[in-house]
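Descriptive structure summary
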Amino acid sequence: MKNFININNVKDYQDLIKESIEIKNNPYSLKKIGVNKTLGLIFFNSSLRTRLSTIKAAKMLGLETIVMNFNNEGWEIEFEEKTIMSKNSAEHVKEAAQVISQYCDIIGIRAFAELKNKNHDESEKILNSFVKYGSVPIINLESSCAHPLQALADAITIEEHKNKPNPKIVISWAPHPKSLPHAVANSFINMARMSNYDLVITNPIGYDLNPKVTKGINVIHNQEEAFKNADFIYAKNWSSYNDYGKILINDNKWMINKRKMEITNNAKFMHCLPVRRNIVVDDSVLDSNYSLVINQANNRTYAAQTILKKIILNEG
Amino acid sequence: MKNFININNVKDYQDLIKESIEIKNNPYSLKKIGVNKTLGLIFFNSSLRTRLSTIKAAKMLGLETIVMNFNNEGWEIEFEEKTIMSKNSAEHVKEAAQVISQYCDIIGIRAFAELKNKNHDESEKILNSFVKYGSVPIINLESSCAHPLQALADAITIEEHKNKPNPKIVISWAPHPKSLPHAVANSFINMARMSNYDLVITNPIGYDLNPKVTKGINVIHNQEEAFKNADFIYAKNWSSYNDYGKILINDNKWMINKRKMEITNNAKFMHCLPVRRNIVVDDSVLDSNYSLVINQANNRTYAAQTILKKIILNEG
Amino acid sequence: MKNFININNVKDYQDLIKESIEIKNNPYSLKKIGVNKTLGLIFFNSSLRTRLSTIKAAKMLGLETIVMNFNNEGWEIEFEEKTIMSKNSAEHVKEAAQVISQYCDIIGIRAFAELKNKNHDESEKILNSFVKYGSVPIINLESSCAHPLQALADAITIEEHKNKPNPKIVISWAPHPKSLPHAVANSFINMARMSNYDLVITNPIGYDLNPKVTKGINVIHNQEEAFKNADFIYAKNWSSYNDYGKILINDNKWMINKRKMEITNNAKFMHCLPVRRNIVVDDSVLDSNYSLVINQANNRTYAAQTILKKIILNEG
């Protein structure tokens, strides 16, 4: 594997999940493969799980890590070509990416969607600039449109908890006071498609995701109808894709609660975290035995470790 | 030892001090005990000594460390139960503590008093939430009401410099332009009580500390009277406890200077740092051979190392 | 070597460059010399190259590193003697430097010029305070008036690319929208002087550097005249030294472009980075094969590694 930008960079996704579970069972077995190599983690946005789990994963492979929070510790980077850099940006990504590539053997990049301009976000300017100008493998730590490490952790979690080969999985939009990106939903849907799960999307009218992502997948605008017979409920807010980045409704009718979970087939509850309690989902669901949110976060470590291993060993 | 939240978590305090001094004499003798373990240091407030000395201590035990400055690098955490998280907090400590516990084998937490509401500060909401929801040992890196690593470093320093078994130690209030917490004074007093030192507290009227902390200890409102025959002077500002968090007087009559030190029995001068020169204490005292402030800071490393060792080896 | 404050701390500069190139050829050969030692990196300003390359260099020597961004993670430090610390500064450098010296075996300090007061900047208050009050070797990670690690990386780069023993090197002022310090230019000039290069300085009238630095060196106020027969062009902006810290001209006549490079003897182009494209130099020069800017950044690692090695082994 050269880069891990999205799920499509993986040759055999089922093999990847199996390998992740093997690594989880023996996480220090590969402690030598990263020796004398350095992982750089470049954050353009805040991070808790990604920061800590990726550092942990790196250390379990013997990799040194260097973390840089660009907004606090560096300066503004220019991403446009051929600009006259007379404004705030002090350095062009052409230089930054080449330079960091000389200090690091692998670079992880976190750069969220700005949700102002769809074309801009979909161009994945920041991430793709590091791929283009950097000279080492690049890992996506959540970009505008994808969060493939989260999706891999979710896949591991589902494999660990499913009771049937092809469970019914419902990804449900849920309310949120702030405008949020589509990255987690996009990658989850791609992952579920590659895993042959029985996937259903449910969201209010106006909140349909990018049709390229959801093509061929059942989208139901009635949440309770969608929840019937579900084995897993994956909750996530996203802002409107059509009316790009906008919040169209604010009421809590779509919040996930115990009553709705009772419609399902004793479904497990999933969320990528951070989650706003009693806005996205109520306490009773999060605090129940059906919640897998803590397991998902734990599996972030093994997802990162597996991807780092495949990059270090240049495996498919 | 499961957690190190305050001094009362220690079974035999005299043994702990002896062990700290032994570790100081041979700090790399335990370099293997932390291998394959990770210490997470979570800062909700600024730190110099605690940050550097605890990282240093961890490394001397072979522990990996992951530092996170929550205010710069993460988002606002919710600590109240059953709230509807529609405001600024993006994640509940229920999730944060469980999640971080999966990436770290031990977690250190720094969360200062806000000095707005006494009951709130005394509930130690942040620290206790990590104890309650986390699943790994928690170390107090200074909370609202306690700074037990500082107190242990102070105890080591006194043991190294005392000339008699039970020296007279005076903890003296001193002026400061900002409203400061009671944590250092509380833990110092608890430590001195457990060490059977001849402890005297001196502070202006209106600045008496929490009576539960000072119970049975001589409080003298005349600083010079208190200083007579003292072997150690420990200077510290704190805001009013009764008129909670308020600054009642601003003059510098209580500043510690050479003339006042001459009243003592050639007392050593102590302060936890950072110290405002010529406000809390004047240059002549800080720059004299009687000052132990740099020694105290040095002993922070061995205090942290001893506590980490006892947690790793699950000793009493 | 005790401290590395400026280029004059080096006994034999040509030997130092040779040794740097040897280390570059075998960077992990010295992996044991830093074991059980800690490098503290204290940043009072932003950093990308210095931060990452110095961490990388330290790790290749087996040194542990502790990074502290004072502005984000600590508090304001007082540098004046005998002040009454009633304002914003919470700790005096007397204590800070002594304390950090106890946790670290070597300390790197970055503290830029403020460009408000020439005497203040030239006193190198921050860096010199750490030298004065600290008790371990101090490395300059760019101070008000010097950036010797950059100069060493530049020297390595010139040695790797020169075609004749004493190439003609032109350091040229270039435009910039912000007021910038003189540190890089000062150290580059000192380095070129010690390396016996045929050095020419070119800058607009009003932008002459400190005459103590440029003494005996040819300063030409006509850029194109200066470029003739040059083997290396080193571009750098600096604010006025006479009218201290001021920007006197804003036009782009001094920007380095392809046409000007064609006046030279196929000169290589150098810049310390970060560089503002199409302000300091145009895309066609930076993106050409003549540009060495990425090589310079790479050599920062080996410059730092060499200095750290000489300090650890206490070599001349």
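Sequence order as written defines residue numbering, which begins from 1 separately in each chain. Here every chain gets a letter starting at A, and every ligand a number starting at 1, in the order they are written. Residues qualify for local features only when their pLDDT is at least 70, as the model is predicted, and side-chain atom pairs are given and counted only at 80 or more; totals for whole chains, interfaces and linings, by contrast, use all residues. Only heavy atoms go into the side-chain values, all of them from the structure, while hydrogens and water stay out.

Our focus in this paragraph is the sheet that holds strand β7 (residues 168–173) of chain A. All names here are of chain A. The criterion for strand pairing is that DSSP finds at least two bridges linking the strands in question. Secondary structure counts use DSSP, requiring at least four H or I residues in a row for a helix and at least two E residues in a row for a strand, with both numbered from the N terminus. Strand order in this open sheet of five strands is β9-β8-β7-β10-β11, and the pairing throughout is parallel. Edge strands, defined here as strands with exactly one partner in the open sheet, are β9 (218–220) and β11 (268–270). Each adjacent strand pair in this sheet contributes to an overall mean axis angle of 25°, direction not counted. Bridging between strand β10 (residues 232–236) and β11 involves three bridges; their strand directions are parallel. From the neighbouring strand, Ile233 faces β11, where its bridge partner is Phe269. Strands in contact with helix α7 (residues 148–161) are β7, β10 and β11; relative to β10, the strand with the most contacts, it is inclined by about 155°. Here an angle of 0 to 180 degrees is reported between the N-to-C directions of two axes, which are lines fitted to C-alpha atoms, with helices fitted over the stretch in contact. Here, residues are in contact when the closest pair of their heavy atoms is within 4.5 Å.

Quick look at the pattern of salt bridges now. Counted as salt bridges are all cases of a side-chain nitrogen of Lys or Arg within 4 Å of a carboxyl oxygen of Asp or Glu. Overall, the coordinates contain 60 salt bridges over all chains when judged by the stated rule. In this structure, Asp287 of chain A engages Arg277 of chain A in a salt bridge whose closest nitrogen and oxygen atoms are separated by 2.9 Å. Taken together, the residues Asp287 of chain A in the loop between α12 (283–286) and α13 (293–312) and Arg277 of chain A in the loop between β11 and α12 connect sequence positions ten residues apart. Between Glu19 of chain C and Lys310 of chain C there is a salt bridge whose closest N-O contact spans 2.9 Å. Separated by 291 residues along the polypeptide, Glu19 of chain C in helix α1 (residues 13–25) and Lys310 of chain C in helix α13 (residues 293–312) bring together distant segments of the chain. For the pair formed by Glu19 of chain C and Lys310 of chain C, the shared burial category is buried. Ionic contacts of the salt-bridge type, sharing partners, join the residues Glu81, Lys94, Glu95 and Lys132 of chain A together with Arg277, Asp283 and Asp287 of chain C into one network. Classification of residues uses two cut-offs on accessible area relative to the type maximum, computed with a 1.4 Å probe and protein chains only: under 20% is buried, over 50% is exposed, and between them is partly exposed.

Another aspect to go through is the relation of the copies chain A and chain C. The copies are overlaid by a least-squares fit using only the C-alpha atoms of residues whose pLDDT is at least 70 in both copies. Mapping chain A onto chain C calls for a rotation angle of 120° and an axial translation of 0.0 Å; the resulting RMSD is 0.0 Å. Expressed as a symmetry operation, the mapping of one chain copy onto the other fits a three-fold axis. Measuring from the rotation axis to each C-alpha of chain A, the shortest distance belongs to Asn72 of chain A, at 4.4 Å. The overlap is low: 3% of the interface residues of chain A also sit at the interface in chain C, so different surfaces are used on the two sides.

In this section: the interface of chain A and chain C. The interface of chain A with chain C comprises 32 residues on the first partner and 30 residues on the second. Across the contact surface, chain A and chain C share five salt bridges. Between Glu91 of chain A and Arg49 of chain C there is a salt bridge whose closest N-O contact spans 2.8 Å. Here a polar contact means two N or O atoms within 3.5 Å. Within protein one must be a hydrogen donor candidate and the other an acceptor candidate, and residues neighboring in sequence count only if both atoms are side-chain atoms. Here chain A is connected to chain C by 19 residue pairs in polar contact (both at pLDDT 80 or more). Looking at the side of chain A that touches chain C, the elements with two or more residues in it are β2 (64–69), α3 (70–73), β4 (91–92) and α4 (93–103) of chain A.

Turning next to the confidence of the model for chain A. Think of pLDDT as the predictor's per-residue confidence, scored from 0 to 100. Summarising the model, chain A shows a mean pLDDT of 97, and 100% of its residues fall at 70 or more. Here the predicted complex carries an ipTM of 0.96, next to a pTM of 0.97.

Let us now look at the sheet that holds strand β5 (residues 106–110) of chain B. Residues and elements named next belong to chain B. Taking strand neighbours across the sheet as the criterion, the four strands line up as β2-β1-β5-β6 in an open arrangement whose pairing is parallel. At either end of the open sheet lies a strand with only one pairing partner, and these are β2 (64–69) and β6 (138–140). Between one strand axis and the next, the sheet turns by 20° as a mean value, whatever way the strands run. In this sheet, β2 lies alongside strand β1 (residues 38–43) in parallel orientation, the contact comprising six bridges. The residue of β2 that forms the bridge with Leu39 is Thr65.

Further remarks concern the interface of chain A and chain B. In this complex, chain A contributes 30 residues to the contact, which on the side of chain B involves 32 residues. Summed over both sides, the interface of chain A with chain B buries roughly 2,800 Å², with 55% coming from carbon and sulfur. Remark: the boundary between chain A and chain B carries five salt bridges. A salt bridge links Glu73 of chain B to Arg51 of chain A; the nearest nitrogen and oxygen atoms lie 3.7 Å apart. In this assembly, chain A and chain B are joined by 19 residue pairs in polar contact (both at pLDDT 80 or more). For any pair of parts, buried area is found by adding up, for both, the accessible area (1.4 Å probe) each one loses once the two are put together.

Tyr13 and Phe269 of chain B together with Phe44, Ile109 and Phe130 of chain C are the most contacted members of the largest nonpolar core, which totals 107 residues. When residues in this core are grouped by element, the largest group, nine residues, is from helix α13 (residues 293–312) of chain B. Excluding residues within four positions of it along the chain, Phe44 of chain C makes contact with Phe70, Asn71, Ile77, Phe79, Ile109, Arg110, Ala111, Ile126 and Phe130 of chain C. Note on terminology: a nonpolar core comprises buried Ala, Val, Leu, Ile, Met, Phe, Trp, Tyr and Cys residues joined through side-chain atoms within 4.5 Å. Counting residues in hydrophobic clusters, the runner-up holds 106 residues, among them Leu48, Ala153 and Leu292 of chain A together with Ile5 of chain B.

For the pair chain A and chain B, the superposition axis carries a translation of 0.0 Å, the fit reaches an RMSD of 0.0 Å, and the rotation angle comes to 120°. A share of only 3% of the interface residues of chain A reappears at the interface of chain B, consistent with the copies meeting through non-equivalent patches.

With that settled, consider unusual backbone geometry. Here the residue pair Leu273 of chain A and Pro274 of chain A is connected by a cis peptide bond, since its omega of 0° sits within 30 degrees of zero. Structurally, Pro274 of chain A can be placed in the loop between β11 and α12. Despite not being glycine, Asn196 of chain A shows a phi value in the positive range, around 60°. The topology assignment puts Asn196 of chain A in the loop between α8 (183–194) and β8 (198–202). Of note, the phi angle at Asn36 of chain B is positive, near 70°, even though the residue is not glycine.

Residues and elements named next belong to chain C. Within strand β5 (residues 106–110), five of the five residues are buried, which leaves it mostly tucked inside the rest of the structure. A two-sided burial pattern is seen for β5, the buried positions comprising Ile106, Gly108 and Arg110 on one face and Ile107 and Ile109 on the other. Two strands pair when backbone bridges link them, and strand β1 (residues 38–43) and β5 are joined in this way by five bridges, in the parallel orientation. Residue pairing for β5: Leu39 is matched across the bridge by Ile106. Of the strand pairs in this sheet, β5 and strand β6 (residues 138–140) are connected by three bridges, and their pairing is parallel. When the bridges of β6 are listed, Ile109 appears paired with Asn140.

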